[in-house]
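Here is how the chains run, residue by residue.
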Amino acid sequence: MIKDPNDNSNNYILQPVLKFIEQYKTSGKTRLHMPGHKGAFGYEDDITEVSGADSLYTADGIIAESEQETATLFDARATFYSTEGSSQVIKAMCYLALQNYFKSRDFEGGIKNGAEANAHPTILATRNAHKSFIYASMLLGFKIKWLKPEGDYSLCKCMVSPEGLDAAIKEYRAECKKNSQQADIAGVYITSPDYLGNILDIKGLADVAHYNGLMLLCDNAHGAYLKFMEPDLHPITLGADLAADSAHKTLPVLTGGAYLHVSKKAPSGIETDAKNALLMFGSTSPSYMIMESLDAAPERVSPEKYRETAKRLGALKSKLSEAFKEKCGSQGPVIYGDEPLKLCLDMRVCKLRADVVADKLREQGIECEYSDPDFLVTMWTPFNEYPTDYDRFFEAITEVLPEMLNQSEERDSKIKQTIGLKKICYNVPVALYQPYEMQFVPHEEMPVSEDLIGKVAADSVISCPPAVSPIVAGEVINKETIKVLKYYGVKTIEIAKL
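Residues numbered from 1 in each chain as written. Predicted model: local features only at pLDDT ≥ 70, side-chain atom pairs only at ≥ 80, totals over all residues. Heavy atoms only, no water.

## A closer look at the environment of Asp-295
- Here Asp-295 shows up in helix α11 (residues 288–300).
- Remark: the alpha-carbon pair of Asp-295 and Tyr-81, spanning 214 residues in sequence, is separated by 9.2 Å. (Helix = DSSP H or I, 4+ residues; strand = E, 2+ residues; numbered from the N terminus.)

Dropping the structure here:
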């Protein structure tokens, strides 16, 4: 049963965590346990693992019931809660892929004799990976083989086709045949949708991965709501074995609430190790307030309203396209990406800095999700006011852009683009070392300049969103790297002292 989010009736049938917390709050018990605020300051819902509250990482009571309800909603074999966002889930997915790799080879955890048992398996990954994926490599010791971005370069985009993935797998395994000390591939890791609203061909990628005997891991942080679209666009539905959903990004969930989904078609037994995998990277004191919001999400989510929002946003996109043609002519921005609830504007045709446009909108009382020199990103859900938020954004952006385009040459130096990366052919830098090999190497901070060409990066230059890092720890800096770093305003980076 999926209830209308505007229905405030208290129905606890599908909300066991919420029900327990409400009962505990009204029980009149003296709180001689953590946390220290004892329910003061409006924190009554913030409890700990008291009797009956279950425990997130050994769940067999109300949390387990709640997770099963969510798994049913997403048609997954199992769903597990994270109170530390997709960052925790991404690391756990990598751990599970590695564990499956060793189990499938009967290495008993990798301690039997044999070169491959002691080697570092590789995960093939799209370059626009969240930094937690790189940290997972550092913590777990797996190698990363980056999939080359197809098409034009952007900091947040990495398009990879099924054909491109198949070629990369064949190329890597050909290398393995030449080098008996090189371990095989443990899995394929992708980011979809990306920050700009691009959705990969997940079904095609899953088919390729499975044909080659590999698991497909998907960072679906921005796409939890895709389950409710018509057609269903969720990665689990389309063939991914494991998926990370940042529930808080697009569903009515508190910040930090996320899901680890295990597909019904994933290798047998994966779900039995998921809790330990999450615990390895999470706090033993998870937030019950976040779990309460995850517990309530199935009742608060209305698929019909998400689909209605997609239609409304589609209409807004069409309306904006017409307005841009009328008011900006050939210099108007391009509506970018195909994600239903993300409105992204490509400013490269305008030759306006998208981050400056975001500043102008902020002055109008509109806070966007993300901006860089090229793209302006906004995210929408059924909980945006309709038509108020839609009309306000339309009026503001169609007022701001013509004004900026009409600035005189003397006044526009700060808002116009100076370097274009649209046609750059991005090549992944040469990797002399893996990220896990660079953790404790002495390093120094140096200004970004051509003097860095040929030096090895000691840390990854990557922003918070899933992004195509210009340089990752262990890679050699080249001319292209310097151009990209300067374009995105990176002033200094860490260089290995080798």
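## Let's talk about the sheet that holds strand β11 (residues 375–379)
- Here 4 strands make up an open sheet; going across it, the order is β8-β9-β11-β10 and the pairing antiparallel. Each of the sheet's edge strands pairs with one partner strand only, and the pair in question is β8 (334–336) and β10 (370–371).
- Of the pairings in the sheet, the one linking strand β9 (residues 342–346) to β11 comprises 5 bridges and is antiparallel in character. From the neighbouring strand, Asp-346 faces β11, where its bridge partner is Phe-375.
- Each of β8 and β9 touches helix α12 (residues 303–328); the most contacted strand, β9, lies at about 20° to it. (Pairing = 2+ DSSP bridges. Contact = heavy atoms within 4.5 Å. Axes fitted to C-alpha atoms, helices over the stretch in contact; angles between N-to-C directions.)

## A closer look at the side chain of His-222
- Checked against the element boundaries, His-222 lands in the loop between β5 (216–219) and α8 (235–238).
- Given a relative accessible area of 2%, His-222 falls into the buried group.
- There is a polar contact of 2.8 Å between the side chain of His-222 and the side chain of Lys-342.
- Each residue touching His-222, except ones within four places of it in the same chain, is listed here: Pro-193, Tyr-195, Lys-249, Thr-250, Glu-339, Lys-342 and Met-379. (Buried < 20%, exposed > 50% of the residue type's maximum accessible area, 1.4 Å probe, protein only. Polar contact = N/O pair within 3.5 Å; in protein donor to acceptor, adjacent residues only side chain to side chain.)

## Examining the confidence of the model for the chain
- The share of residues in the chain with pLDDT of 70 or more is 90%, and the mean pLDDT across the chain is 90.
- Predicted confidence is poor over residues 1–13, with pLDDT under 50, and the contacts of this stretch with residues over four places away or in other chains come to 25 contacts. (pLDDT = per-residue confidence, 0-100.)

## Comments concerning the packing of aromatic side chains
- For the structure shown, the criterion picks out 17 aromatic pairs.
- Between the NZ or CZ atom of Arg-312 and the centre of the ring of Tyr-386, over which it lies, the distance is 3.8 Å.
- Across from the ring centre of Phe-394, 4.3 Å away, lies the NZ or CZ of Lys-319, which sits over that ring. (Phe/Tyr/Trp six-rings, centres within 6.5 Å; stacked < 30°, edge-to-face > 60°. Lys NZ or Arg CZ within 6 Å of the ring centre and 35° of its normal.)

## Focus: the pattern of salt bridges
- Under the definition given, this model contains 21 salt bridges.
- Across the pair Asp-207 and Lys-203 runs a salt bridge, and its minimum N-O distance is 3.2 Å. Of this pair, Asp-207 and Lys-203 both sit in helix α7 (residues 202–211), 4 residues apart, which is roughly one turn of the helix.
- On the basis of relative accessible area, Asp-207 is assigned to the partly exposed category, the value being 42%.
- Between Glu-304 and Arg-307 there is a salt bridge, with the nearest N and O atoms lying 3.7 Å from each other. Of the two residues, Glu-304 and Arg-307 are both situated in helix α12; the distance of 3 residues between them amounts to about one turn of the helix.
- In the salt-bridge network here, residues are joined through shared partners; they are Glu-22, Lys-25 and Asp-45. (Salt bridge = Lys/Arg side-chain N within 4 Å of Asp/Glu carboxyl O.)

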